[in-house]
Amino acid sequence: MAKPVSIEVWNPNGKYRVVSTKSMPGTRWIRLLTDQDCRVEICTDKKTILSVEDILALIGDKCDGVIGQLTEDWGEVLFSALKRAGGKAFSNMAVGYNNVDVGAANKYGIAVGNTPGVLTETTAELAASLSLAASRRIVEADQFMRAGLYDGWLPHLFVGNLLKGQTVGVIGAGRIGSAYARMMIEGFKMNLIYYDLYQATRLEKFVTAYGQFLKANGEQPVTWKRAATMEDVLREADVISLHPVLDKTTYHLINKERLAIMKKEAILVNASRGPVIDEAALVEHLKQNPMFRVGLDVFEEEPFMKPGLADQENAVVVPHIASASKWTREGMATLAALNVLGKIKGYPIWSDPNRAEPFLNENSVPPAACPSIVNAKEIGLSKL
Ligand SMILES: NC(=O)c1ccc[n+]([C@@H]2O[C@H](COP(=O)([O-])OP(=O)(O)OC[C@H]3O[C@@H](n4cnc5c(N)ncnc54)[C@H](O)[C@@H]3O)[C@@H](O)[C@H]2O)c1
Ligand SMILES: O=C(O)[C@H](O)CO
């Protein structure tokens, strides 16, 4: 028997019961649901990561849809329970959905939503912040100041890496990887080398045009290269940022052998998913190579760090905050709620999940569509 959980209820007489496993930023998402006859139940349990058992208790006997989080294990058990409760939809409040067994959702005809189109720039900005923090040793220097150790300017004090004219490497040049690449190229005039399974045509065109603009203004043009192998990126780049999805092909993409081929003074940034890096191998590499630096937003076994990582001065670590700007987090909540609402109402799927603005405008009624359903085809949902 599942244990009871604490909840906050909005619009108790609503026809459709929608559960959110967490309180989410803003109130627009709640209003959009209650305006459409939904009773909204928000889990207020203090526990950060809910277990499958906790979520079973939240689903209960009647539940039309659930908005959930990337920390939850959405598989056979939860999708079968949601189906039994009459549920039609689940949406992650995240773009990544490696915590979801989409095959199990397909089996029960449950739509799985995610939230692209609102977090690309915010996430890329955090990856850029980590690149700067690691290359210019910002955290080490901050700690030094606060410890009262600064007793005057010195030629050797916290010497780091210059970015201008160096090479930025991007692994996974999708939405976020491409936005990050542009920031580093426009901001710091870095050259690009990238590796992806697909060609990043728009990014390539942008770098070509920007290089021509710089040349026309008498500056050194920037260049781009699509690498044939990931190893080429690791060997050549001075700063490498990881932005692939997490799946079987990207698990431990960065391992002991691949760390060994990187430059001794390279910067490695990860704002994708923790298991893309073999974190134990990374700790050893950081110990052996004090001038190699990392900026990490994600960890292999969150919320934990592998032993030794916290002791490494050449690591900047932040708690999975890459999408944490107010606009983005409120937008993610809105998109997740509208994914669930749209499926309950039988709306079609929005034609381009990356073009989310019409759903995010506070002053207008959002389109009658689900913003982004990853298994639309598999469960036979039609596009707008
Ligand atoms: N840290 C955070 O808070 C945060 C925020 C947003 C997204 N993310 C993560 O970032 C990921 C990427 O998001 P996105 O919106 O850019 O997704 P996206 O689908 O636009 O881009 C992912 C890219 O990875 C590429 N890829 C897939 N397998 C690969 C492989 N084996 N080698 C190289 N490239 C490969 C894809 O071809 C694609 O271009 C998400 O899946 C999520 O896990 C993390
Ligand atoms: O996948 C995502 O969206 C992030 O990890 C949280 O923003």
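Residues numbered from 1 in each chain as written. Chains lettered and ligands numbered in written order. Predicted model: local features only at pLDDT ≥ 70, side-chain atom pairs only at ≥ 80, totals over all residues. Heavy atoms only, no water.

The name given to the protein chain in an unreviewed UniProt entry is glycerate dehydrogenase, with the source organism recorded as Acorus gramineus. Heading Catalytic activity (unreviewed entry) of the UniProt record for the protein chain holds this comment: "(R)-glycerate + NAD(+) = 3-hydroxypyruvate + NADH + H(+)". (UniProt positions renumbered as here; feature names shortened; annotations may be inferred.)

Glancing now at the environment of K46. With respect to the helices and strands, K46 occurs in the loop between β3 (38–43) and α2 (52–59). Look at K46 and you get exposed, because its relative accessible area is 80%. (Helix = DSSP H or I, 4+ residues; strand = E, 2+ residues; numbered from the N terminus. Buried < 20%, exposed > 50% of the residue type's maximum accessible area, 1.4 Å probe, protein only.)

So, about the UniProt feature "domain: D-isomer specific 2-hydroxyacid dehydrogenase NAD-binding" (unreviewed entry) in the protein chain. The positions that UniProt labels "domain: D-isomer specific 2-hydroxyacid dehydrogenase NAD-binding" (unreviewed entry) are, in the present scheme, residues 130–322. Here residues 130–322 is 35% helix and 15% strand, with 10 Å between the C-alpha atoms at its ends.

Another aspect to go through is the pattern of salt bridges. With the rule as written, the count across this model stands at 15 salt bridges. D64 is the partner of K62 in a salt bridge, and the nearest nitrogen-oxygen pair spans 2.6 Å. Note on D64: relative accessible area 12%, which makes it buried. Between E330 and K326 there is a salt bridge; the shortest N-O distance is 3.1 Å. Of this pair, E330 and K326 both sit in helix α12 (residues 326–345), separated by 4 residues, roughly a single helical turn. Classification of K326 by relative accessible area gives exposed; the value is 64%. When salt bridges with common partners are traced through the structure, they connect R17, R39 and E41 into a single cluster. (Salt bridge = Lys/Arg side-chain N within 4 Å of Asp/Glu carboxyl O.)

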